[in-house]
Amino acid sequence: MSVNKVILVGNVGKDPEVRHLDSGVAVANFPLATSESYTAKNGDRVTTTEWHNIVLWRGLADVAEKYVTKGRQLYIEGRIRSRSYDDKDGNKRYITEIYGDVMQMLGSKDSNQGPDSGTSSSSSQESTPDVKEPDIDTPEGDDDLPF
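None of the values given here were measured: they were computed from a predicted structure.

Trainee: So what exactly am I meant to see when it comes to the overall build of the protein chain here?
Mentor: Per the secondary structure count, the protein chain includes 1 helix and 7 strands. Along the protein chain, helices and strands appear, N-terminal first, in the series β-β-β-β-α-β-β-β. Relative to its 147 residues, the protein chain shows a buried fraction of 32%. Residue pairs in contact within the protein chain that sit at least 24 positions apart in sequence constitute 56% of those at least 6 positions apart. For the protein chain, the accessible surface area stands at approximately 9600 Å², while carbon and sulfur atoms represent 45% of it.

Shown next, in the form of structure tokens:
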């Protein structure tokens, strides 16, 4: 048995790029930043940021196109996919992406951005409009995540 499951809570780095395939299927791509903070031995506060390439398909891509904007905090659940391609100079490039199966909008950059309720490709997931945003600066193991 094997498991390929990723859970991320982070902030959108730029507005989603949404395209529609010839078959009409929508696909959205955007970067998501996750940050981790810790105190170094010298007492300085250090924050590291990891960027993730998010890919959403079909209905989730449509929701991302309407409601997801740069700075928005999201919960993404999905799986890791790696692929390669040849760039314009013929060099082989590799990319790792997160194919999202579940997306939950947590916080809002602007209260006029639409609903803060959850969106999921799974109809059994409940909406949680009163989600408390996690405090990213808390030490590891002392998190206050809403799930």
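Trainee: I keep staring at the side chain of Ser37 and nothing clicks. Help me out?
Mentor: Relative to the elements of secondary structure, Ser37 occurs in strand S3 (residues 26-39). Within the local environment of Ser37, its side chain forms a polar contact with the side chain of Thr47, the two groups lying 2.9 Å apart.

Trainee: Looking at this structure, I do not really get the environment of Tyr75. What am I missing?
Mentor: Turning to its location among the elements, Tyr75 is positioned in strand S5 (residues 73-86). With 29 residues separating them along the chain, Tyr75 and Gln104 place their C-alpha atoms 4.9 Å apart. Side chain to side chain, Tyr75 and Glu77 meet in a polar contact 2.4 Å long.

What counts and how
By convention here, each chain's residues receive numbers from 1 onward along its written sequence. Selection of residues for local features in this predicted model requires a pLDDT of at least 70, selection of side-chain atom pairs for listing and counting requires 80 or more, and totals for whole chains, interfaces and linings are taken over all residues. Side-chain measures were taken over the full set of non-hydrogen atoms in the model, leaving aside hydrogen atoms and water. Only DSSP runs of H or I reaching four residues or more are called helices, and only runs of E reaching two or more are called strands; each is numbered from the N terminus. Each residue is assigned to one of three classes by its accessible area relative to the maximum for its type, calculated with a 1.4 Å probe on protein chains only: buried under 20%, partly exposed between the two thresholds, exposed over 50%. Two residues qualify as a contact provided that any one of their heavy atoms is within 4.5 Å of a heavy atom in the partner residue. For the accessible areas, the method is Shrake-Rupley and the probe is 1.4 Å, while residue cover comes only from the protein chains on display. Polar contact criterion, stated in full: a pair of N or O atoms within 3.5 Å, where within protein one must be able to donate a hydrogen and the other to accept it, and residues adjacent in sequence count only if both atoms are side-chain atoms.

That's the geometry; what it means functionally is another story.
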